Amino acid sequence: MSWLPELRLVVADRTDLTPTVRRFALRRPDGGPLPGYEPGAHVTLTTPAGHRRSYSLVEPGGEAPGEYVVCVRRDPAGRGGSASMHDDVVVGTGLTATGPRNRFPLLPAKRYLFIAGGIGITPIRSMATRLRAEGCADLRLLYLTRTAEDAPFLDEFPDATAHHSAGRGRLDLWPHLATPDDDTRVYCCGPLPLIRSVRALTAHWRPSRVHVEEFTAPDGYAAPFTAVWAPTGRRVDVPANRSLLSALRGAGVAVDSSCEAGTCGTCRLAVLDGGVEHRDAALTDEERRASLLSCVSRAAAEEITVGPVTG
Ligand code: FES
């Protein structure tokens, strides 16, 4: 993977967009220009408490922006990254960042259908702002949140289909996806269940027309399984509340890691036997056929055999 320089940034502005979502504007200490980016890009920040977290850039980007703007939703069930951003970061706080990197690029199309789940609105807001500036009017947004209060930037999308699930249940996406259209690109960003649903409901679309990004590594782990470490044959139990990476390390297997959020690729392992529930935002489809990112991904069944990546 490509090496990205570390940037030292300072928080220039901090604003609450909703009771749970806070906006941070980050600049170089000398106010100079930052590396450019395109819509869909993210930066990885190290929070004051030491967590590395990737956040989408919400502005439309360009060649030499003066600031990076990210929005962070406080996740009370999270592992501390969002809490540190909310509790420890004030105007003037210095943060290190890597990036920008873009694994969710905005590609040309006649029409766009955006599906945003919660804070998944952030890369989509960047894309929509860019498209509007370029005169593209044919974009639709399905914006799915628990309540209207949880929906930052909602006022920027007066034509959006905004669905708030509290008391109403989930929006039926099928009417919006039933008819495939090669002139439309579908972009979906949100939590894993939404990604899965959109993937399933667009199985009859041309794959190149459907783009998805899970906005964060899941904090909860679904089911326990057993990992067999191929070089030694050692069997390692991976409990429901523990990552494969953590369980292997607990058993004395050395595996490198960096982001521990499924975005950097450092913790990649070869899969020698067994199915995988991929939860990362880094591997290509080709790479997923024979490897996984152990910090977030899990066995799809009761057992999986993994080992170091070779070659
Ligand atoms: S440590 Fe970065 S993807 Fe696993």
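Fair warning: this is a prediction, and the values are worked out from it, not measured in the lab. (Residues numbered from 1 in each chain as written. Predicted model: local features only at pLDDT ≥ 70, side-chain atom pairs only at ≥ 80, totals over all residues. Heavy atoms only, no water.)

Novice: So what about the sheet that holds strand β9 (residues 161-164)? Which residues, and what values?
Specialist: Here we have five strands laid out as an open sheet, ordered β9-β8-β7-β10-β11, and parallel in their pairing. Edge positions in the sheet fall to β9 and β11 (210-214), since each has one partner strand and no second. With direction set aside, neighbouring strand axes in the sheet form an average angle of 10 degrees. Direction of pairing for strand β10 (residues 184-190) relative to β11: parallel, over a ladder of five bridges. Opposite V186, over in β11, you have V210 as the bridge partner. Strands in contact with helix α2 (residues 121-133) are β7 (111-117), β8 (139-145), β10 and β11; relative to β7, the strand with the most contacts, it is inclined by about 155 degrees. Contacting β7, β8, β10 and β11, helix α4 (residues 192-201) runs over the sheet at an angle of about 155 degrees to β10. (Pairing = 2+ DSSP bridges. Helix = DSSP H or I, 4+ residues; strand = E, 2+ residues; numbered from the N terminus. Axes fitted to C-alpha atoms, helices over the stretch in contact; angles between N-to-C directions. Contact = heavy atoms within 4.5 Å.)

Novice: Now, about the packing of aromatic side chains: what can you tell me, with residues and values included?
Specialist: Aromatic ring pairs are described here by two measures, namely the spacing of the ring centres and the angle between the planes. Under the criterion given, the structure shown has five aromatic pairs. Their ring planes at 75 degrees and their centres at 5.4 Å tell us that F104 and Y187 sit as a pair that is edge-to-face. In this pair, F104 is assigned in the loop between β6 (94-101) and β7 and Y187 in strand β10, connecting sequence segments 83 residues apart. Just as F104 is buried, Y187 falls in that class too. Consider the rings of F114 and Y187, whose centres lie 5.9 Å apart with planes at 40 degrees: the pair is tilted. With F114 in strand β7 and Y187 in strand β10, the pair connects residues that are 73 residues apart, well separated along the chain. What makes F114 buried here is its relative accessible area of 1%. (Phe/Tyr/Trp six-rings, centres within 6.5 Å; stacked < 30°, edge-to-face > 60°. Buried < 20%, exposed > 50% of the residue type's maximum accessible area, 1.4 Å probe, protein only.)

Novice: An account of the sheet that holds strand β14 (residues 268-273) is requested, with residue identities and associated values reported.
Specialist: Hydrogen bonds between backbone atoms are what pair the strands of a sheet, whose relative direction is either parallel or antiparallel. Across the sheet, which stays open at both edges, the five strands sit in the order β13-β12-β18-β14-β16 with mixed pairing between neighbours. If you trace the sheet from one side to the other, it starts and ends with β13 (234-238) and β16 (291-293), each paired once. Here the strands of the sheet are splayed against their neighbours by 40 degrees on average, with no regard to which way each runs.

Novice: Talk me through the nonpolar core; I want residue IDs and the actual numbers.
Specialist: Core analysis: the biggest nonpolar cluster contains 25 residues, and Y112, F114, I121, I124, L141 and F157 have the highest contact counts within it. Of all the secondary-structure elements, those providing two or more residues to this core are β2 (21-27), β5 (68-73), β7, α2, β8 and β10. Among the domains, domain 1 (6-101) and domain 2 (111-214) are the pair contributing at least three residues each to this core. Contacts of I124, omitting those with residues within four sequence positions, involve F114, I115, A116, L141, Y187 and C189. Formed by 24 residues, the second largest nonpolar core is a distinct cluster that contains L245, A251, V271 and A282. (Core = buried A, V, L, I, M, F, W, Y, C linked by side-chain atoms within 4.5 Å. Domains from an automatic or database assignment.)

Novice: Account for the confidence of the model for the protein chain, naming residues and giving values.
Specialist: Confidence in the prediction of the protein chain, expressed as mean pLDDT, is 89, and 94% of residues score 70 or more. Averaged pLDDT values for the elements of the protein chain fall to 84 in helix α6 (residues 285-288) and rise to 97 in β2. Low confidence marks residues 217-221, where pLDDT is under 50. Its contacts with residues over four positions away, or in another chain, come to 18 contacts. (pLDDT = per-residue confidence, 0-100.)

Novice: Describe the environment of A178, with residues and values.
Specialist: Here A178 lies in the loop between α3 (174-177) and β10. Here A178 falls in the partly exposed class, since its relative accessible area comes to 27%. Between the C-alpha atom of A178 and that of A203, which follows or precedes it by 25 residues, the distance is 10.0 Å.

Novice: How would you sum up unusual backbone geometry? Please name residues and give values.
Specialist: Geometrically, the link from G99 to P100 is a cis peptide bond, its omega value of 0 degrees lying close to zero. Position of P100 relative to the elements: it lies in strand β6. Look at F153: it is not a glycine, yet its phi comes out positive at around 70 degrees. Secondary-structure assignment places F153 in the loop between β8 and β9.

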